[in-house]
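Here is how the chains run, residue by residue.
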Amino acid sequence: MKKDQAILDFVDQWLSVLLKQDQPTEALLDSEFVWQCQKLHFDQPTLDLDAAFPIEQPMTSLTGLKKIISKINDKMMLGHAIYRQWQNWQAKPADTQKAWLIAALRQLKQLALANGSLPFVFHGVIAHLELISQAATDSPASVQWLKIGRNGKAELRIMNDQYELLTTQNENLKGPQLNVFFEKLALYFAKRHDFKPTNIENEWQLTLTATNGQKFQTRGYWLTDAALGELAQELRQIWTGDAKLWLFDGLIHAEKIDRLTIRYHRQLNAYQEDGEPVQLDYLESIVIDRAQQELIYRKHLSDDCEMEHRYHIADAIDALLDVLQTPDFLAYVNGNDDDVVFDPDDQRRYAIEIQTAAGQTRIINGSFDKQGLPVDFPKLAMIIEDFLSFYGNNELIDPALYNHQWRRPGQYIYCDVSFEEDGRTYCYRTEDERLAEGDLVRVPVGRDNHLAIGRIERIQIVDGQHVPYPLSKTKLIIGPYQADED
């Protein structure tokens, strides 16, 4: 526990230096850095990071480090890599080394916290809040660093993925709303929280300083907790600056959706009778685009088997996207427990990309199952299914149409109606030429002509001389049955 606390103190000190310094090279030349590394034994030889991940070469590539950073679970190996990178920086400073060290130090902090010896439980009154929110985005800004004091003084630093400062906003948030927010936040973190990783590319790290000077730290991922999302929205209402805060959920609440993309990917390993594996790679995607007024549904079974349905419906696409425009649209994912056993031969993943009118992009991804998907995904799927069904009628191949026969004068429409599956049929007549085989209808039954629901099994048009049941004794169908009549 003492070792983990020492690592946390080391990480916090040097992260603070790196984030505060626009040109941190001089700060990193400080001999205190190497002295602390030696005290933690990070200078001693251990497994080399490039040797552990030879393909990505993370020591010489920031991109390579980002690819494998979440896979590093050895504190000493990572600490040694940080020490080596510090030495490289002294020999040949480079801009990317700042971002490299920040990413590595943050992972080292996660490993120290992960031992369970330092559960995050806040006690006391919040004097100061520091929240770093990081997003996987194509836009220049990818880091928001927010600091708020109990006196209402607030500073927001917006940085790029190299942690270079892009802009700073200073605000004064004095007022009772801020005090109420601090009280709610303190109550929320008065118990331990385990945040399941759902969208690990987007995360936040929080430091709360109590009035007695004690610091409490934790971290989490976007879109994992509804209550925390509500607190984020409360802080947005207090915020007076122009920047849209990412906070704990990364959401731009109730922003107009311009484009919604849903991708589904299934990788299946099937086995033939001789044991030979057969790999199936199946893709589906739905794109709803306001600018093009289109919904495109694609399926990809193989390079030789692809399908695409394109719906270009002006105004209807606007209406569809507007229905989805809610403050908590696809906001929260429960996440699967760590001990869940996935089928290695049947992997199903998804990615959802939401682009707003304000130019913001939000990406959600994970395993395609009840816990891995957003909690309101079933509602989204039902809305899209209803849309496709409404516009999905295919008259060209509808048997009710190509089997339709017009009557001549003196002919009658007879229907064989059943009341149970594979049951006996009874003759009824109708004047409704729109009825088709398979339709449910309301009919009179018995001597008292009580109402019953039956299914048309066969329709035939006959003249008066060839009726299957006497015309005078054949009852008329009342009309089609609608499920909402119950």
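Keep in mind that what you see is a predicted model, and the values were worked out from it rather than measured. (Residues numbered from 1 in each chain as written. Predicted model: local features only at pLDDT ≥ 70, side-chain atom pairs only at ≥ 80, totals over all residues. Heavy atoms only, no water.)

Let's shift gears to the pattern of salt bridges. Once the charged atoms of two side chains with opposite charge are near each other, the side chains can pair. Inspection of every chain in the model, using the stated rule, returns 20 salt bridges. Measuring nitrogen to oxygen at the nearest pair gives 3.0 Å for the salt bridge that ties R458 to D416. Here R458 is found in strand β16 (residues 450–463), whereas its partner D416 is found in strand β13 (residues 411–418), with 42 residues between them in sequence. Notably, a salt bridge pairs E431 with R429, separated by 3.9 Å at the nearest N-O pair. Via salt bridges that share partners, D258, R290, D318 and D322 belong to a single interconnected network. (Salt bridge = Lys/Arg side-chain N within 4 Å of Asp/Glu carboxyl O. Helix = DSSP H or I, 4+ residues; strand = E, 2+ residues; numbered from the N terminus.)

Looking now at helix α11 (residues 377–390). End to end, α11 covers 20 Å across 14 residues, agreeing with the expected 20 Å (1.5 Å per residue, within 8%). Of the residues making up α11, those classed as buried are F377, L380, I383, I384, F387 and L388. Down the axis, α11 shows its buried residues gathered within 130 degrees of arc, on one side only. Among the exposed residues of α11, those pointing more than 90 degrees away from its buried face are P378, K379, M382, E385 and F390. The secondary structure elements touched by the buried residues of α11 are β7 (257–271), β8 (277–289), β9 (294–302), β10 (305–312), α10 (316–324) and β11 (346–356). (Expected span 1.5 Å × (residues − 1). Buried < 20%, exposed > 50% of the residue type's maximum accessible area, 1.4 Å probe, protein only. Arc of directions from axis to C-beta. Contact = heavy atoms within 4.5 Å.)

What follows is about the packing of helix α8 (residues 176–188) against helix α9 (residues 226–238). At a minimum axis separation of 10 Å, α8 and α9 run at an interaxial angle of 165 degrees. With respect to α9, the element α8 is oriented roughly antiparallel. In this structure, α8 crosses over α9, and the sense of that crossing is left-handed. Within the contact between the two elements, α8 uses Q177, L178, F181, K184, L185 and Y188 and α9 uses A227, L228, L231, E234, L235 and I238. (Axes fitted to C-alpha atoms, helices over the stretch in contact; angles between N-to-C directions. Parallel < 35°, antiparallel > 145°, perpendicular 65-115°, else oblique. Left-handed = near helix turned anticlockwise from the far one by under 90°.)

The next point concerns the pairing of β10. As judged from the eight bridges shared by β9 and β10, these two strands associate in the antiparallel manner. Bridging from a neighbouring strand, Y297 pairs with H309 of β10. Where β9 hands over to β10, the hairpin turn is made up of two residues, counted between the paired strands. (Pairing = 2+ DSSP bridges.)

With that out of the way, let us pick up α9. The end-to-end C-alpha distance of α9 is 19 Å, a good match for the 18 Å that 13 residues give at a rise of 1.5 Å each. Among the residues making up α9, those that are buried are L228, G229, L231, A232, L235, R236 and I238. Those residues of α9 hidden inside the fold are in contact with β2 (143–149), α8 and β5 (203–210).

This part is about the packing of aromatic side chains. Aromatic ring pairs: the centre-centre distance and the angle between the two ring planes describe each pair. If you walk through the whole model with that rule in mind, you get 18 aromatic pairs. With a centroid separation of 5.0 Å and an interplanar angle of 85 degrees, the aromatic rings of W204 and F248 are classed as edge-to-face. Of this pair, W204 sits in strand β5 while F248 sits in the loop between α9 and β7, and the two are 44 residues apart along the sequence. Taking the centre distance of 4.7 Å and the plane angle of 70 degrees together, the rings of Y264 and F368 count as edge-to-face. You can see Y264 sitting in strand β7 and its partner F368 sitting in the loop between β12 (361–367) and α11, a full 104 residues away along the chain. For Y264, a relative accessible area of 14% gives the class buried. In textbook terms, an aromatic cluster arises when at least three aromatic residues are bridged by ring pairs, as seen for F10, W14, F33, F42, Y83 and W86. Across from the ring centre of W145, 4.9 Å away, lies the NZ or CZ of K147, which sits over that ring. In this structure, K299 is placed above the aromatic ring of Y297, and the distance from its NZ or CZ to the ring centre is 5.8 Å. (Phe/Tyr/Trp six-rings, centres within 6.5 Å; stacked < 30°, edge-to-face > 60°. Lys NZ or Arg CZ within 6 Å of the ring centre and 35° of its normal.)

Right, let's get into the packing of α10 against α11. Packing of α10 against α11 brings their axes to within 11 Å, and their N-to-C directions diverge by 165 degrees. As far as their axial angle goes, α11 and α10 are roughly antiparallel. The handedness of the crossing between α10 and α11 is right-handed. Residue-level contacts link A316, I317, L320, V323 and L324 of α10 to L380, I383 and F387 of α11.

Glancing now at the side chain of Q36. As for its position among the elements, Q36 is in helix α3 (residues 31–39). Separated by 2.9 Å, the side chains of Q36 and W14 make a polar contact. Leave out the neighbours within four places in its chain, and Q36 touches F10, Q13 and W14. (Polar contact = N/O pair within 3.5 Å; in protein donor to acceptor, adjacent residues only side chain to side chain.)

Once that is clear, we can look at the sheet that holds strand β14 (residues 425–430). With antiparallel pairing, five strands are arranged side by side in an open sheet as β14-β13-β16-β15-β17. Only two strands of the sheet have a single neighbouring strand rather than two, namely β14 and β17 (479–480). Alignment of strand β15 (residues 440–445) against β16, held across six bridges, turns out to be antiparallel. Across the sheet, the residue bridging to P444 is L451, located in β16.

Treat this as a map of the structure, not an account of what it does.
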